[in-house]
Amino acid sequence: MTAQPRPDYESLDDAALTRLIAARDAEAVRLVTTRNNQRLFRAAWGVLKDRSEAEDAVQSAYLRAFQAIGGFEGRSALSTWLTRIAINEALRRVRAAKRRRAQLD
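Here goes a summary of the coordinates provided. All of these numbers come straight from a predicted model, not from anything done at the bench.

On to the pattern of salt bridges, then. For the structure shown, the criterion picks out 8 salt bridges. One salt bridge connects Glu89 with Arg92, and the closest N-O pair in it is separated by 2.7 Å. Remark: Arg92 and Glu89 occur in helix H4 (residues 78-104); sequence separation between them is 3 residues, near one turn of the helix. Taking the relative accessible area as the measure of exposure, Glu89 reaches 2% and is therefore buried. Note that Arg93 is salt-bridged to Glu89, the shortest N-O span being 3.1 Å. One end of the pair, Arg93, and the other, Glu89, are both in helix H4, 4 residues apart, so they sit about a helical turn from each other. Since its relative accessible area comes to 16%, Arg93 is described here as buried. Counted as one network, the salt bridges with shared partners bring together Glu53, Arg64, Glu89, Arg92 and Arg93.

What counts, and where the lines are drawn
- Residues numbered from 1 in each chain as written.
- Predicted model: local features only at pLDDT ≥ 70, side-chain atom pairs only at ≥ 80, totals over all residues.
- Heavy atoms only, no water.
- Salt bridge = Lys/Arg side-chain N within 4 Å of Asp/Glu carboxyl O.
- Helix = DSSP H or I, 4+ residues; strand = E, 2+ residues; numbered from the N terminus.
- Buried < 20%, exposed > 50% of the residue type's maximum accessible area, 1.4 Å probe, protein only.

Okay, structure coming up:
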């Protein structure tokens with residue numbers, strides 16, 4: 001049995017990376033998260049203005065994105081798709097906080 005050659009992850013396009021992530025390739029996940037962490041954090045922080053909440057929103061966004069990675073159609077860049085998910089997660093948290101405050105009042 002021969003070992004499969006390891007792909008050059010840095011040179012892979014978004015479609016190839018999404019296929020690897022869907023196949024649960026840890027190196028592809030690591031590369032995508034490393035490339036996008038700062039961008040997603042800044043987007044979430046821009047909405048939430050709270051470091052801890054922004055970090056949590058980014059983690060939740062990655063979980064949601066990787067669960068739905070099969071739905072990535074490639075109509076935009078993977079980083080754009082991830083950013084939209086992070087922004088949606090941050091907005092969801094803002095709405096939830098507003099509902100909690102309204103219930104307490």
